[in-house]
Amino acid sequence: MPGPDEATMMRWLRDIFYDVFLNLTNNAAVRSAALRSGTELRAHMNVVIAKRKNETPSGTPPDDVLGRLLGLEGEANPWLDDDTVRRNLSGLIVGAVETTSKLVTLALQELLRRPAVLQAARAAALEGDIEKVRRYAYEAGRFNPQTPMVFRFCPAEKELAAGTARARRIPAGTTMVLGTLSAMFDPEGFVSPGEFRIDREVEYLHFGFGMHRCFGYLINGVQIPELVAAFLRLPGLRRVPGRAGCVKYEGPFPEGMLVEFD
Ligand code: HEM
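Note that the structure is predicted; figures quoted are calculated from it, not measured.

Visitor: Could you clarify how one ought to interpret the domain arrangement of the chain in this entry?
Guide: Many authors give the size of an interface as the accessible area that is lost as the parts come together. Its domain assignment divides the chain into domain 1 (1-80) and domain 2 (81-260). Each side of the interface is counted separately: domain 1 has 25 residues, and domain 2 has 19 residues. Across the interface of domain 1 and domain 2, roughly 2100 Å² is buried in total on both sides, 74% from carbon and sulfur atoms. When residues of domain 1 are sorted by the area they lose upon contact with domain 2, Leu13, Arg14 and Phe17 head the list and together hold 31% of the total. Summed over the shared surface of domain 1 and domain 2, the result is 5 salt bridges.

Here it is in structure tokens:
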């Protein structure tokens, strides 16, 4: 889904992400920016989708996600219309960008704090061992998480962990905050939680767990380490001293982190 230009697309996605996922106090300015950006993104996507359909009247759409979704429209899937395609794709692009940039930034920041770990991760990147880099990135993310918690609304009364000593009754209408950060330091799941280890076989909770686990879960296992590896391969990678080398934020979003290399 190309944008009109990168800056506009980034603005739209950030505004919408902020309101949908992080506007915990229902801040009115955050809400109105998201509504404005949502209206603009919708109009833009409608044009892109219409253009794509006109470009391929003979029914051989380009082999990308948009093309494949449009290719599924028709009698076999009467529920799938252009609006469904647009809503589906906009969910994917909104979910993909800020999360990826934040996880990569925070994982790198953590690796840069640990010189010996950084060297080992760099060796893995230089060897092209992307699975190993993924282990470094996900473990670094445990200490500096993109997702320290997830929220749930419980519409009907429910008992969690029924029949165990941890059983908890959740009354209807409860908003719950689930600490994925603290769960990733629970020694029952993460042995020696204070140690930086890349040999953990237990599943990290960076992407949630269960029914609503991140749709990008498998993509992340490739794109996150590839992005981190691109930095690690830079010779002598280090943070810029002082405040300049800290992560700069716009609200909850990293806007930049200055690093140096030789
Ligand atoms: C290509 C990249 C990505 C795409 C397309 C994507 C898309 C999505 C979508 C559609 C959902 C909603 C799933 C549902 O409610 O059923 C989701 C959930 C989530 N994603 Fe991603 N995402 C991406 C990358 C990431 C990254 C890099 C992170 C970093 C931590 C992340 C963290 C999460 C979390 C925490 C949830 C919520 C899980 C929950 O509520 O239990 N996502 N993602």
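Next comes the rest of the write-up.
Visitor: Teacher, can you tell me more about helix H1 (residues 6-22) here?
Guide: What sets the pattern is the α-helix's 3.6 residues per turn: residues three or four places apart point alike. Across its 17 residues, H1 extends 23 Å between first and last C-alpha, which sits within 8% of the 24 Å expected from 1.5 Å per residue. Among the residues of H1, those classed as buried are Met9, Trp12, Leu13, Arg14, Asp15, Ile16, Phe17 and Asp19. Buried residues along H1 sit in contact with helix H2 (28-55), helix H4 (82-112), strand S6 (248-250) and strand S7 (253-256). Of the residues that open H1, the one with a side-chain oxygen 3.2 Å from the backbone nitrogen of Ala7 is Asp5.

Visitor: What am I meant to see in the pattern of salt bridges here?
Guide: For side chains of opposite charge, pairing can occur when their charged atoms come near one another. For the structure shown, the criterion picks out 25 salt bridges. When the shortest N-O distance is used, the salt bridge between Glu201 and Arg135 registers 3.3 Å. Of this pair, Glu201 sits in the loop between helix H7 (180-183) and helix H8 (217-232) while Arg135 sits in helix H6 (residues 130-143); the two residues are 66 residues apart in sequence, bridging distant segments of the chain. A relative accessible area of 66% places Glu201 in the exposed class. On the accessibility criterion, Arg135 (17% relative accessible area) is buried. One connected set of salt bridges, linked through shared partners, spans Arg11, Arg14, Asp15, Glu98, Glu250 and Glu255.

About the criteria used
- Residues numbered from 1 in each chain as written.
- Predicted model: local features only at pLDDT ≥ 70, side-chain atom pairs only at ≥ 80, totals over all residues.
- Heavy atoms only, no water.
- Domains from an automatic or database assignment.
- Contact = heavy atoms within 4.5 Å.
- Buried area = accessible area lost by both parts, 1.4 Å probe.
- Salt bridge = Lys/Arg side-chain N within 4 Å of Asp/Glu carboxyl O.
- Helix = DSSP H or I, 4+ residues; strand = E, 2+ residues; numbered from the N terminus.
- Expected span 1.5 Å × (residues − 1).
- Buried < 20%, exposed > 50% of the residue type's maximum accessible area, 1.4 Å probe, protein only.
- Polar contact = N/O pair within 3.5 Å; in protein donor to acceptor, adjacent residues only side chain to side chain.

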